[in-house]
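# Chain and residue survey
Read off the chains here:
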Amino acid sequence: MVRPLSLVNPFYEVMIEINHEPWLSWYQADQWQEKLSEIIRGTLKHIRWNYESEVSVLLTDEEYSRQLNHVYRGKDSATNVLSFPAFTVEELHVLAKQQNSLILGDIVLSLETVLKESKEQKKPFLNHLMHLTVHGTLHLLGYDHQLENQAEEMEALEVNILSAMGVTNPYQ
């Protein structure tokens, strides 16, 4: 039997791992935990994801990001964010009705890539990181941007979520 969940305040657990020391020059581990948890929880609440869920975040370097991108996506280059959903969209919706809690998946963020992009795009580092965390969280829930209509839907959702967090449109 599925335990009824509060539609107002489901529990979202966010676990952070840092395997690249320079991330700690920005914030301490507990501060990263707090910041990233707030972003992910805000994203899940915004889209009304009303299921207890768990998300893991790895804060890493460009080289490890490149390795993961090569192994899992066949691209031999670093990337800003990678998402590894635990389930397909269809599986998520079935399992959400059957289980008390769901593991949504993992998000990987590359410090050097995020820094480089934020400088090139003249965006504050934290705003860019917030955008990528929202983006990665949406991927865990099945949102995609492979087709133009999917990209438009996902970008509009990202803009709305970030606006609610006080971040300007990252696509302008």
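That block above? That's the structure.
A few points on the structure. (Residues numbered from 1 in each chain as written. Predicted model: local features only at pLDDT ≥ 70, side-chain atom pairs only at ≥ 80, totals over all residues. Heavy atoms only, no water.)

### Some thoughts on the packing of aromatic side chains
Under the criterion given, the structure shown has six aromatic pairs. Centre to centre, the rings of Trp26 and Phe125 are 4.2 Å apart; their planes meet at 25°, and the pair counts as stacked. Of this pair, Trp26 sits in the loop between strand E1 (12–18) and helix H1 (29–46) while Phe125 sits in helix H5 (residues 125–140), and the two are 99 residues apart along the sequence. Here Trp26 falls in the partly exposed class, since its relative accessible area comes to 38%. Among the residues examined, Phe125 registers a relative accessible area of 8% and is labelled buried. Judged by centre distance (5.0 Å) and plane angle (90°), the rings of Tyr27 and Trp32 are edge-to-face. (Phe/Tyr/Trp six-rings, centres within 6.5 Å; stacked < 30°, edge-to-face > 60°. Helix = DSSP H or I, 4+ residues; strand = E, 2+ residues; numbered from the N terminus. Buried < 20%, exposed > 50% of the residue type's maximum accessible area, 1.4 Å probe, protein only.)

### A few points about the side chain of Thr43
You can see Thr43 is positioned in helix H1. Every residue in contact with Thr43, bar those within four places of it in the chain, is listed here: Val134, Thr137, Leu138, Ile161 and Met165. (Contact = heavy atoms within 4.5 Å.)

### Observations concerning the pattern of salt bridges
Per the counting criterion, the structure on display carries three salt bridges. Measuring nitrogen to oxygen at the nearest pair gives 3.3 Å for the salt bridge that ties Glu62 to Lys116. Placement of the pair is Glu62 in helix H2 (residues 62–73) and Lys116 in helix H4 (residues 111–120), with a sequence separation of 54 residues. By relative accessible area, which is 42% here, Lys116 ends up partly exposed. Residues Glu63 and Arg66 are paired through a salt bridge, measuring 2.7 Å at the closest nitrogen-oxygen approach. Pair noted here: Glu63 and Arg66 are both in helix H2, with a separation of three residues, about one helical turn. With relative accessibility at 38%, the residue Glu63 sits in the partly exposed group. (Salt bridge = Lys/Arg side-chain N within 4 Å of Asp/Glu carboxyl O.)

### Concerning the environment of Ala151
As for its placement among the helices and strands, Ala151 is situated in helix H6 (residues 148–164). The class for Ala151 is buried, based on a relative accessible area of 14%. In this structure Ala151 touches Asp144 and His145, once residues within four positions along its chain are discounted.

### Considering the sheet that holds E1
Two pairing modes exist for strands in a sheet, parallel and antiparallel, and in both the strands are linked by backbone hydrogen bonds. The four strands are arranged E1-E2-E4-E3 in an open sheet whose pairing can be described as mixed. With partners counted over all chains shown, the strands left at the sheet margins are E1 and strand E3 (81–85), one partner each. Direction aside, neighbouring strands of the sheet carry axes that sit 15° apart on average. Inspection of the sheet shows strand E2 (residues 53–60) paired to strand E4 (residues 102–110) by eight bridges, in the parallel sense. Among the inter-strand pairings, Ser56 is bridged to a residue of E4, identified as Asp106. (Pairing = 2+ DSSP bridges. Axes fitted to C-alpha atoms, helices over the stretch in contact; angles between N-to-C directions.)

### Some words on the packing of H4 against H5
Angle between the axes and distance between the axes: these two values describe a pair of packed helices. At a closest axis distance of 9 Å, the pairing of H4 and H5 adopts a crossing angle of 120°. When the axes of H4 and H5 are compared, the pair comes out oblique. H4 and H5 meet at a crossing whose hand is right-handed. Residue-level inspection shows Leu111, Val114, Leu115, Glu117 and Ser118 of H4 in contact with H5, the latter providing Phe125, His128, Leu129 and Leu132. Tallied by class, the residues present in the contact of H4 with H5 amount to six nonpolar, two polar and one charged. (Parallel < 35°, antiparallel > 145°, perpendicular 65-115°, else oblique. Left-handed = near helix turned anticlockwise from the far one by under 90°. Nonpolar A, V, L, I, M, F, W, Y, C, P; charged D, E, K, R; others polar.)

### Looking at the environment of Glu117
Secondary-structure assignment places Glu117 in helix H4. Separated by 12 residues in sequence, Glu117 and Leu129 have C-alpha atoms that sit 10.0 Å apart. Contact partners of Glu117, with chain neighbours within four places excluded, come to Asn80, His128 and Leu132.

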